[in-house]
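An overview of the molecular structure
Here's the letter readout for the chains.
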Amino acid sequence: MKNRNVLISGASVAGPALAHWLHHYGFDPVIVERAPALRDGGYAVDFRGEAHLSILRRMGILPELEAARTGVGSMSYVNSAGKPVAKLPADLFAGDLEILRGDLARILYDATKGFTEYVFGDSVTSLAEDDHGVTVGFERGAPRRFDLVIGADGLHSNTRRLAFGPEEQFVRHLGVYCAIFTTANHLGLDHTGHAYRTAGRLAAMYSARHNAEAKAAFYFGSPELGLDRRDVVRQQALLAEHFTGNGWESDRLLDAMRYASDFYFDSVGQVRMDAWTRGRVALVGDAAYCPSSLSGMGSGLALVGAYVLAGELAAADGDHRAAFDRYQERMGAYAAGCQKMGDGVARLMVPGSRLAASFLNRYYKLMPYLPGKNMAARIARRTAENITLPDYPSLVVR
Ligand SMILES: Cc1cc2nc3c(=O)[nH]c(=O)nc-3n(C[C@H](O)[C@H](O)[C@H](O)COP(=O)(O)OP(=O)(O)OC[C@H]3O[C@@H](n4cnc5c(N)ncnc54)[C@H](O)[C@@H]3O)c2cc1C
């Protein structure tokens, strides 16, 4: 088989899932991750529908994921005094299987570390492609040769920048920033969450790890700010500017934020590209088709993308040209459908005016009694299932 030696940039969801399948088909994956160790943190991610579940089953990790599921049920919108004023059903958020992103990354890492070379604390700096492979330069390590390079390095993909061009060409800011971190479950939430919405802001807290702790989340509407993504001090100052004196638990959560070890801050955005592959380089997961962190589709879409990309490479006996064309063909409509789920959610989550925020709070109050109450969950499931997964043969005997 051709092109066995594959570098993957990014060790979160798409990267390790791709390594699993590449190894399964006889390729030799190496993963480089910029963080010094596996990144914990983040809020819960969802899998919904048979496509997602069947891939997890085929990977052999479904039982582990089920054991680590959050079990979080319905979520309440509260008023400034913390009194629930509206309740939203669990399936709107959680899909069939909800798991903390950090737990998912850990399970994927444990399942692949036995056959994947993981290089932490490094990042690709250059890609020089020729007819036979790619010479890859690194921030710390010596240059190495690979047959193929796959970017699984998220919304702000470094691989995409190096191989396709600057981020501004591909990332569409959806007008919202979000922050998430672990905190004490001081409200004693029992497998549930509380959210408090005001004009242009939403603060929330959800129980995690079976109530032993909680996740705090802040969302605020803003045009793109051009922040340095590594400047945590600036990010936390910005949150304080938006949420100090905002009501409910905002001030207490802002205090807790300064002690959080897993503070995560990012813009909410989508990646739109005409092509996810160029020469010997391909993108997978958020790097290629991020549907936005508010779509509830990012991890499932990354999982499907990894399955299809590896499967097409195996089916083409490692011929990247044929495989990359088929990958784009098979995934195009599916990724577009998942991205549609992300459109509009941002505006709904943090409406700009007080009038719109109060209208939405009232609508949520009535929602359990309205005929279309399960419509959003039904559309999400249909979208997640809208792909026929090929049964790729295990062509290679190692
Ligand atoms: C710490 C963290 C917290 C998150 N929290 C949430 C959340 O609360 N809710 C939500 O919906 N989504 C969250 N996400 C995003 C979510 O994981 C993805 O949308 C989805 O799972 C698709 O995964 P991905 O592997 O394609 O991208 P990501 O999960 O974004 O992973 C990209 C990986 O690439 C690494 N990376 C970045 N740059 C480089 C580089 N130059 N070299 C090497 N590696 C690099 C990152 O450190 C990361 O490990 C989070 C991601 C991370 C990394």
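Residues numbered from 1 in each chain as written. Predicted model: local features only at pLDDT ≥ 70, side-chain atom pairs only at ≥ 80, totals over all residues. Heavy atoms only, no water.

**Examining empty space enclosed by the protein**
Spelled out, the test is: In this analysis a 1.4 Å probe is tested at points of a 1 Å grid over the protein atoms alone, and where it fits but cannot get out there is a cavity; an open set with protein on both sides within 12 Å along at least five of seven lines is a pocket; lining residues have an atom within 4 Å of a point. Grid points are joined across faces, edges and corners, and a volume is the space filled by probe spheres set on the points. Only DSSP runs of H or I covering at least 4 residues are called helices, and only runs of E covering at least 2 are called strands; the numbering of each starts at the N terminus.
Applying the stated criterion across every chain, the model contains one cavity of 30 Å³ or more. Approximately 40 Å³ is the volume attributed to the largest cavity. The wall of the largest cavity is formed by Tyr43, Ala44, Thr70, Val72, Glu98, Leu100, Tyr206, Ser207, Ala208 and Lys215. Only strand 6 (97–100) and strand 14 (201–208) provide two or more residues apiece to the lining of the largest cavity. Broken down by element, the lining of the largest cavity gets its largest block of residues, three residues, from strand 14.

**Quick notes on the sheet that holds strand 5 (residues 84–88)**
Which entries qualify depends on this criterion: A pair of strands is treated as paired once DSSP finds two or more bridges between them. For helices, the fitted line uses only the C-alpha atoms of the stretch in contact; every axis is such a line through C-alpha atoms, and the angle between N-to-C directions lies from 0 to 180 degrees.
Within the open sheet, the seven strands sit side by side as 5-4-13-14-15-12-16. Their pairing is mixed. The open sheet is flanked by strand 5 and strand 16 (264–271), the only strands paired with a single partner. Shown here is a sheet whose adjacent strand axes are inclined to one another by a mean of 25°, direction ignored. In the sheet, strand 12 (residues 171–183) pairs with strand 16 via eight bridges, with the strands oriented antiparallel. Bridge assignment links tyrosine 177 to a residue of strand 16, and that residue is serine 267.

**Brief notes about the packing of helix 2 (residues 49–59) against helix 10 (residues 298–315)**
Our working rule: To sort the angles, those under 35 degrees are grouped as roughly parallel, those over 145 as roughly antiparallel, those from 65 to 115 as roughly perpendicular, and the leftovers as oblique. With the far helix as reference, a near helix turned anticlockwise by less than a right angle produces a left-handed crossing, and one turned clockwise produces a right-handed crossing. Any two residues whose heavy atoms approach within 4.5 Å are treated as being in contact. Residue polarity follows a fixed list, in which Ala, Val, Leu, Ile, Met, Phe, Trp, Tyr, Cys and Pro are nonpolar, Asp, Glu, Lys and Arg are charged, and the others, Gly among them, are polar.
One way to put it is that helix 2 packs onto helix 10 with a least axis distance of 10 Å and a crossing angle of 55°. Of the possible angle classes, the one that applies to helix 2 and helix 10 is oblique. Helix 2 and helix 10 meet at a crossing whose hand is left-handed. In contact with His52, Ile55, Leu56, Arg58 and Met59 of helix 2, helix 10 contributes Gly300, Leu301, Leu303, Val304 and Tyr307. When its residues are assigned to classes, the contact of helix 2 with helix 10 shows seven nonpolar, two polar and one charged.

**With respect to helix 2**
Using the following cut-off: Classification of residues uses two cut-offs on accessible area relative to the type maximum, computed with a 1.4 Å probe and protein chains only: under 20% is buried, over 50% is exposed, and between them is partly exposed.
Across the 11 residues that make up helix 2, a large majority, eight, are buried. Backbone geometry just downstream of helix 2 places glycine 60 in the positive-phi region, at approximately 80°.

**Focus: the packing of aromatic side chains**
Which entries qualify depends on this criterion: Pairing of aromatic rings covers Phe, Tyr and the six-membered ring of Trp, with a centre-to-centre limit of 6.5 Å; geometry is then stacked below 30 degrees between planes, edge-to-face above 60, and tilted otherwise.
Per the stated rule, a full pass over the model turns up 17 aromatic pairs. On the basis of an interplanar angle of 40° and a centroid distance of 6.3 Å, the ring pair of tyrosine 196 and tryptophan 248 is categorised as tilted. Here tryptophan 248 lies in the loop between helix 7 (232–243) and helix 8 (250–257) and tyrosine 196 lies in strand 13 (residues 193–198), a separation of 52 residues in the sequence. Of the two residues, tyrosine 196 and tryptophan 248, both sit in the buried class. For the ring pair phenylalanine 263 and phenylalanine 265, a centre distance of 6.4 Å and an interplane angle of 20° mean the geometry is stacked. In this structure, phenylalanine 263 and phenylalanine 265 share a single accessibility class: buried.

**As for the nonpolar core**
Applied cut-off: Residues belong to one nonpolar core when they are buried, are Ala, Val, Leu, Ile, Met, Phe, Trp, Tyr or Cys, and are joined through side-chain atoms within 4.5 Å.
Val284 and Met331 are the most contacted members of the largest nonpolar core, which has 84 residues in total. Ranked by residue count, the leading element in this core is helix 10, at 11 residues. With residues up to four places along the chain from it excluded, the contact list for valine 284 reads Ala14, Leu18, Ile150, Gly151, Ala152, Tyr289, Ala302, Gly305, Ala306, Leu309 and Tyr327. Counting 22 residues, the second largest nonpolar core, distinct from the first, contains Phe181, Tyr196, Leu239 and Phe265.

**A closer look at the pattern of salt bridges**
Spelled out, the test is: Put simply, a salt bridge is a Lys or Arg side-chain nitrogen that is within 4 Å of an Asp or Glu carboxyl oxygen.
Within this structure, the stated rule accounts for 16 salt bridges. Linking aspartate 96 and arginine 381 is a salt bridge whose minimum nitrogen-to-oxygen distance equals 2.7 Å. Of this pair, aspartate 96 sits in the loop between helix 4 (91–94) and strand 6 while arginine 381 sits in helix 14 (residues 375–384); the two residues are 285 residues apart in sequence, bridging distant segments of the chain. Among the ionic pairs, lysine 113 bridges to aspartate 110, the shortest N-O distance being 3.3 Å. When its relative accessible area of 36% is taken as the criterion, aspartate 110 is described as partly exposed.

**Considering the environment of aspartate 255**
Relative to the assigned elements, aspartate 255 resides in helix 8. Separated by 202 residues in sequence, aspartate 255 and leucine 53 place their C-alpha atoms 39 Å apart.

**With respect to the pairing of strand 11 (residues 148–151)**
Neither face of strand 11 is left uncovered, since the one carrying Leu148 and Ile150 and the one carrying Val149 and Gly151 both have all their residues buried. Across four bridges, the pairing between strand 1 (residues 5–9) and strand 11 is parallel. The residue bridging leucine 7 from the neighbouring strand is valine 149, located in strand 11. Examined bridge by bridge, strand 11 and strand 18 (residues 281–283) share three bridges and lie parallel to one another. Bridge pairing links isoleucine 150 to alanine 282 in strand 18.

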